[in-house]
Structure formats: C-alpha cells, structure tokens
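A structural walkthrough
Below are the chains, spelled out letter by letter.
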Amino acid sequence: MPEFIKLVDGSLATKGRNLALNSSPNKVDSNDYQFLVIRLASLPEHGQDFTVQIWGKLSPEMTAFRAYCHGGNGNLIPGNFVKTDYGYICKGKWKSKYTDTNGLHEYDDPYLYVYQLYLDQLTSNTKTSIEKVMVTFGHDEYTYSPAPEDEEVN
C-alpha cells in the first residue's frame with residue numbers, strides 16, 4: 001500500500017511519485033544557460049515543499065544548477081543544488097505568487113526551469129549532461145522512477 005504526504009491545500013499525494021513528465025527520454029548534453037524545461041504532471045500549490053533530483057554531471061566550467069518556477073520571474077527555489085553520489089538534489093518551496101511594484105502576480109505554469117551557472121560570463125566549451133530528473137512533493141530523497149503517465153504511454 002502506498003504512503004501519502006499531506007499537501008498545502010490539505011489533499012493527499014503519493015509519496016515519492018515523480019511529477020516530472022518525460023523525465024528520462026534521452027540523455028541531454030548542453031552548454032546552454034537555460035538547460036532543461038521540465039513539464040510537471042501536477043501543479044504544486046504556492047508554498048508546497050518539493051524536491052528536485054538530477055542524475056547527471058555538471059560541466060567543470062559551470063558553478064551550479066539553479067531552478068526556477070515560471071521561467072525565473074523572481075521565483076527562485078530557495079537553496080542550491082547539492083552534489084550527491086548520483087548527481088544533484090535541491091529542496092525548496094513552490095512559488096506561484098510574488099509581489100513587485102506592480103502588485104501581486106500569480107502563475108499556473110506547470111513547468112520547472114533548470115539553469116546552469118558559468119564560472120564567468122564566457123561561453124562554455126564543455127557540456128553538462130543529465131540522464132534523468134525526478135520532482136517529488138516533500139523533502140525526501142528517492143530512487144528514480146518515471147512518472148506514472150510516462151509508464152502508461154510505453
């Protein structure tokens with residue numbers, strides 16, 4: 001029987017369920033700043049804890065991965081990606097609302113944007129690679145599994 005996690009809105013979700021759709025289609029090799037766009041099967045509520053795990057290698061010319069909700073509009077996931085034995089992990093809170101001088105902005109964009117930062121502003125000659133990604137509710141770390149929607153397609 002699956003375990004559940006209580007979400008910000010009071011509903012329950014399956015613990016360890018990968019929200020990242022098409023999370024392991026092919027190996028991604030790139031030196032682009034905006035490295036990866038991840039479509040999510042379920043849109044987290046504002047303030048919801050979640051974890052991003054990346055299986056792969058950061059180019060030696062890069063300093064870190066960073067992730068944003070909604071294309072970087074002030075919604076940086078708090079904290080850095082931390083190196084692990086399989087790749088990188090970042091724990092944060094989903095931010096679908098922010099306020100600036102124009103007032104409150106709310107987004108319902110079901111994407112997570114992953115960027116890689118350069119040691120300097122010059123174009124990198126080596127590439128970062130990602131083999132698979134996992135996005136889960138909560139702050140636990142899991143062994144990789146694809147989103148259930150991806151398994152249904154195959």
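Described in the following lines is the structure provided in the data block. (Residues numbered from 1 in each chain as written. Predicted model: local features only at pLDDT ≥ 70, side-chain atom pairs only at ≥ 80, totals over all residues. Heavy atoms only, no water.)

Observations concerning the pattern of salt bridges
Any two side chains of opposite charge can pair if their charged atoms end up close together. According to the stated counting rule, one finds three salt bridges in the structure shown. Residue arginine 17 pairs with glutamate 149 through a salt bridge whose shortest N-O separation is 2.5 Å. Of this pair, arginine 17 sits in the loop between β2 (12-14) and β3 (28-30) while glutamate 149 sits in helix α1 (residues 148-153), and the two are 132 residues apart along the sequence. For glutamate 149, a relative accessible area of 30% puts it in the partly exposed group. A salt bridge links aspartate 49 to lysine 93; its shortest N-O distance comes to 2.7 Å. Placement of aspartate 49 in strand β5 (residues 49-57) and of lysine 93 in strand β8 (residues 87-93) is noted, with a sequence separation of 44 residues between them. Accessibility expressed as a relative area gives 40% for lysine 93, which makes it partly exposed. (Salt bridge = Lys/Arg side-chain N within 4 Å of Asp/Glu carboxyl O. Helix = DSSP H or I, 4+ residues; strand = E, 2+ residues; numbered from the N terminus. Buried < 20%, exposed > 50% of the residue type's maximum accessible area, 1.4 Å probe, protein only.)

Remarks on the environment of proline 44
Relative to the assigned elements, proline 44 resides in the loop between β4 (34-39) and β5. Residue class for proline 44 comes out buried when judged on its relative accessible area of 4%. Sequence separation between proline 44 and threonine 136 is 92 residues, and the spatial gap between their C-alpha atoms is 9.8 Å. Non-local contacts of proline 44, meaning those with residues more than four positions away in its chain, are made with Trp94 and Phe137. (Contact = heavy atoms within 4.5 Å.)

Quick word on the packing of aromatic side chains
All chains considered together, the criterion is met by six aromatic pairs. For the pair tryptophan 55 and tyrosine 86, a centre-to-centre distance of 4.7 Å together with 25° between the ring planes defines the contact as stacked. Placement of tryptophan 55 in strand β5 and of tyrosine 86 in the loop between β7 (82-83) and β8 is noted, with a sequence separation of 31 residues between them. Of the residues examined, tryptophan 55 reaches a relative accessible area of 11% and is grouped as buried. Each ring, one from phenylalanine 65 and one from phenylalanine 81, has its centre 5.9 Å from the other, and the planes form 70°; the classification is edge-to-face. On the criterion of sequence distance, the pair formed by phenylalanine 65 in strand β6 (residues 62-69) and phenylalanine 81 in the loop between β6 and β7 is long-range, its members being 16 residues apart. In this structure an aromatic cluster arises from ring pairing among Trp55, Tyr86 and Tyr144. Positioned above the aromatic ring of tyrosine 88 is the side chain of lysine 83, whose terminal nitrogen or guanidinium carbon lies 5.2 Å from the ring centre. (Phe/Tyr/Trp six-rings, centres within 6.5 Å; stacked < 30°, edge-to-face > 60°. Lys NZ or Arg CZ within 6 Å of the ring centre and 35° of its normal.)

What about the pairing of strand β12 (residues 128-137)?
Most of β12 is tucked away, with eight of its ten residues classed as buried. Relative to β12, β5 is paired through eight bridges, and the arrangement is antiparallel. The residue of β12 that forms the bridge with lysine 57 is serine 129. (Pairing = 2+ DSSP bridges.)

Considering the pairing of β5
Burial analysis of β5 places seven of its nine residues in the buried class, the great majority of the element. Pairing between β5 and β8: seven bridges, direction antiparallel. Looking at the pairing, threonine 51 lines up with lysine 91 of β8.

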